[in-house]
Amino acid sequence: MARTAQNPVKSVETTFQILNGLKDLGGAGVTELSRHLDLPKSTIHNYLSTLEQEEYIVNDGGQYRVGLRFLELGAYSRHQQKLFRIAKPEVDRLASETGELANVLVEEHGRGTYLYRARGEQAVQVKAHVGTRVPLHSTALGKAILAHLPPERVETISQRHGLGSENDEAASTLDELRADLETVRETGVAFDDEERLDGLRCVAAPVLNNNGTVLGAISVSGPTNRFRDERFTEDLPQKVLEVANVIELNVTYS
């Protein structure tokens, strides 16, 4: 999980620093990006010119932004995921039947990435979207995945990305996280009780292949005023488990 490139190519690192800088700033000019990254303006200009030439960024009157060509790459990557293709109709059904926001998350490089989201009629608006990366330990989806990873990998992920959360609701030590994950393995479901976002709860279940390897997780999330009592602790967990089971069967036999 550490930086493992034996001979990292500096120009590639700089390219992604610039792209991430444009994303973080919501677009920027050469001078602003130079200050943000502490790189010479001449260097910034050369990289931006090359990226524009290759059609990965757009120059709008001197303001550069990440271009839609990345959407093509992202869509290609997502469609290579068997889990996406199989889970999509079932997660659509989960959203429709519950009226809430249903999600698919996978783990990559120690973080969770939203692979798909479906909105029911009452679904809340949240900042995360398809492609958003989130900490694993502070989401129900992430805990459902972590619970089925080897213990040494969980420890490595925790060391690299850290624990805790902005609102202090998530596990802040490895021992706390291990206890949470043991409960997930025992019950089959994971809960997020405002651990990532105030006012939002989530119920998730892992999706495993026939070898027991975790492929990802699915969930349903919504506001605390609707996710309470038996609906939060019994009804929705049962629904999520049922959908996860269908997806697992389809993954195995398709």
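Nothing here was measured: the structure is a model prediction, and the numbers come from that model.

Looking now at the UniProt feature "domain: HTH iclR-type" (unreviewed entry) in the chain. UniProt annotation of "domain: HTH iclR-type" (unreviewed entry) refers to residues 9-68 when read in the numbering used here. The span residues 9-68 is 62% helical and 13% strand by assignment, and the distance between its end C-alpha atoms comes to 25 Å.

In this section: a nonpolar patch on the surface. On the surface, Val-9, Val-12 and Phe-16 cluster together into a nonpolar patch covering about 270 Å² of accessible area. Residue position: Val-12 is located in helix α1 (residues 10-25). The partly exposed category is assigned to Val-12, whose relative accessible area is 43%.

It is worth spelling out the sheet that holds strand β3 (residues 101-108) at this point. Hydrogen bonds between backbone groups are what pair the strands of a sheet, and the pairing can be parallel or antiparallel. Strand order in the open sheet made by the six strands is β5-β4-β3-β8-β7-β6, with antiparallel pairing throughout. Of all the strands in the sheet, just β5 (133-134) and β6 (190-193) have a single pairing partner and so form its edges. Pairing of β6 with strand β7 (residues 200-208), which is carried by four bridges, proceeds in the antiparallel orientation. The partner of Asp-192 across the bridge, within β7, is Cys-202.

Topologically, Ser-34 is positioned in helix α2 (residues 30-37). Non-local contacts of Ser-34, meaning those with residues more than four positions away in its chain, are made with Leu-39, Pro-40, Lys-41 and Ile-44.

Its place among the elements puts Phe-70 in helix α4 (residues 69-79). Filtering out sequence-adjacent residues up to four positions away, Phe-70 remains in contact with Leu-19 and Tyr-56.

What follows deals with the packing of aromatic side chains. For the coordinates displayed, the defined rule picks out four aromatic pairs. Between the aromatic rings of Phe-84 and Tyr-116, the centroid separation amounts to 5.9 Å while the plane-to-plane angle is 65°, which identifies the pairing as edge-to-face. On the criterion of sequence distance, the pair formed by Phe-84 in helix α5 (residues 82-98) and Tyr-116 in strand β4 (residues 111-119) is long-range, its members being 32 residues apart. For the pair formed by Phe-84 and Tyr-116, the shared burial category is buried. Residues Phe-191 and Phe-232 carry aromatic rings whose centres are separated by 5.2 Å and whose planes lie at 70° to one another, so their mutual orientation is edge-to-face. Linking Phe-191 in strand β6 with Phe-232 in helix α9 (residues 229-253), this pair joins segments that are 41 residues apart in sequence. Take Phe-232: its relative accessible area is 8%, and that puts it in the buried class.

Thresholds applied
- Residues numbered from 1 in each chain as written.
- Predicted model: local features only at pLDDT ≥ 70, side-chain atom pairs only at ≥ 80, totals over all residues.
- Heavy atoms only, no water.
- UniProt positions renumbered as here; feature names shortened; annotations may be inferred.
- Helix = DSSP H or I, 4+ residues; strand = E, 2+ residues; numbered from the N terminus.
- Patch = residues over 30% accessible without salt bridge, like charges linked within 9 Å, V, L, I, M, F, W, Y side chains within 5 Å.
- Areas by Shrake-Rupley, 256 points an atom, 1.4 Å probe, with all protein chains shown as cover.
- Salt bridge = Lys/Arg side-chain N within 4 Å of Asp/Glu carboxyl O.
- Buried < 20%, exposed > 50% of the residue type's maximum accessible area, 1.4 Å probe, protein only.
- Pairing = 2+ DSSP bridges.
- Contact = heavy atoms within 4.5 Å.
- Phe/Tyr/Trp six-rings, centres within 6.5 Å; stacked < 30°, edge-to-face > 60°.

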